[in-house]
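Examination of the molecular architecture
In case you want the letters, here they are:
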Amino acid sequence: MNLVLIGYRATGKSSVGALLSKQLHWPLLDTDDLIQQEARQTIPEIVAAGGWDHFRHLEKMAVARVCSLDHHVIATGGGVVLEPENVARLRATGCLIWLQADAETIQARLAADDNRPSLTGADTIKEVPQVLEKRLAAYRRAAHINIDTSGLSPAQIAERILRLLPEPGCGVKT
């Protein structure tokens, strides 16, 4: 089984994933990093060249690859839950931890990051409440465990996750 981090952008998936990887002694894979490495482009470049549909196709292929592995911490892109096949594969091979935060917290975190393309064509920070609301049900359905990251450091979030494992249905051993 793997430990899979899902959630909207800027909720801590990559930074918490790095801490969990170190504490569990499991390799960390970030699906966004895999996509960028294989495409030899940044996510903004991939989206500019082929659109979000092309990016989602590459993401689906990356998810298929990471789901063939065992005992990995996997940080996913924020939209991975939009594809039911991704969710089914990830749930079949791992425990899905939904890192969530309120829109204001996400907006504050995104203000410090200029490497995120808009999801809707609107301003990346202003679009957060609308896009987050549309995705909440998908995150809720996909997750085995939910952790609110608002006001917590990555170390505090990782500590909470480790305290919760193993959770029924997850099968992850620390």
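Fair warning: this is a prediction, and the values are worked out from it, not measured in the lab.

**Some thoughts on unusual backbone geometry**
What you tend to see is this: most non-glycine residues have negative phi, and most peptide bonds are trans. The residue alanine 10 is not glycine, and still its phi comes out positive at about 65 degrees. Counting through the fold element by element, alanine 10 comes out in the loop between β1 (2-6) and α1 (13-24). Of note, arginine 40 is a non-glycine position whose phi angle comes to about 55 degrees, a positive value.

**Quick notes on helix α6 (residues 128-142)**
In this model, α6 (15 residues) spans 20 Å end to end at C-alpha, consistent with the 21 Å of a helix rising 1.5 Å per residue. Maximum bend of α6: about 40 degrees, positioned at arginine 135. The inward-facing, buried residues of α6 abut β1, α3 (43-66), α4 (84-93), β4 (94-100) and α5 (103-110).

**Considering the packing of α3 against α4**
Taken N-terminus to C-terminus, the directions of α3 and α4 make an angle of 15 degrees; their axes are 10 Å apart at the nearest point. By the angle between their directions, the pair α3 and α4 is classed as roughly parallel. As α3 runs across α4, the sense of the crossing is left-handed. Where α3 approaches α4, its residues Glu59, Lys60, Val63 and Ala64 are matched on the opposing element by Glu85, Asn86, Arg89 and Leu90. Partitioned by chemical class, the residues of the contact of α3 with α4 number 3 nonpolar, 1 polar and 4 charged.

**Section: the packing of aromatic side chains**
With the rule as written, the count across this model stands at 2 aromatic pairs. Between tryptophan 52 and phenylalanine 55, the ring centres sit 5.4 Å apart and the planes meet at 85 degrees, which makes this aromatic pair edge-to-face. With tryptophan 52 and phenylalanine 55 both in helix α3, this residue pair falls 3 residues apart, about one helical turn. Residues tryptophan 52 and phenylalanine 55 agree in their burial class; the two are buried. Judged by centre distance (5.8 Å) and plane angle (25 degrees), the ring pair of tryptophan 98 and tyrosine 139 falls under stacked. Within this pair, whereas tryptophan 98 is found in strand β4, its partner tyrosine 139 is found in helix α6, the two being separated by 41 residues in sequence. Each member of the pair, tryptophan 98 together with tyrosine 139, is buried.

**Here's the deal with helix α7 (residues 154-164)**
Within an α-helix, residues lying three or four positions from one another point in the same direction, as the helix has 3.6 residues per turn. Buried within α7 we find Ile157, Ala158 and Ile161. Looking straight down α7, one finds its buried side chains confined to an arc of 100 degrees; they lie on one side. Where α7 is buried, its residues touch β1, α1, β4 and β5 (145-148).

**Details of the environment of isoleucine 145**
If you trace the backbone, isoleucine 145 turns up in strand β5. Along the sequence, isoleucine 145 and leucine 99 sit 46 residues apart, while their C-alpha atoms lie 8.7 Å from each other.

Reading guide: rules and limits
- Residues numbered from 1 in each chain as written.
- Predicted model: local features only at pLDDT ≥ 70, side-chain atom pairs only at ≥ 80, totals over all residues.
- Heavy atoms only, no water.
- Helix = DSSP H or I, 4+ residues; strand = E, 2+ residues; numbered from the N terminus.
- Expected span 1.5 Å × (residues − 1).
- Bend = angle between axes of the 7 residues up to and from the residue.
- Contact = heavy atoms within 4.5 Å.
- Axes fitted to C-alpha atoms, helices over the stretch in contact; angles between N-to-C directions.
- Parallel < 35°, antiparallel > 145°, perpendicular 65-115°, else oblique.
- Left-handed = near helix turned anticlockwise from the far one by under 90°.
- Nonpolar A, V, L, I, M, F, W, Y, C, P; charged D, E, K, R; others polar.
- Phe/Tyr/Trp six-rings, centres within 6.5 Å; stacked < 30°, edge-to-face > 60°.
- Buried < 20%, exposed > 50% of the residue type's maximum accessible area, 1.4 Å probe, protein only.
- Arc of directions from axis to C-beta.

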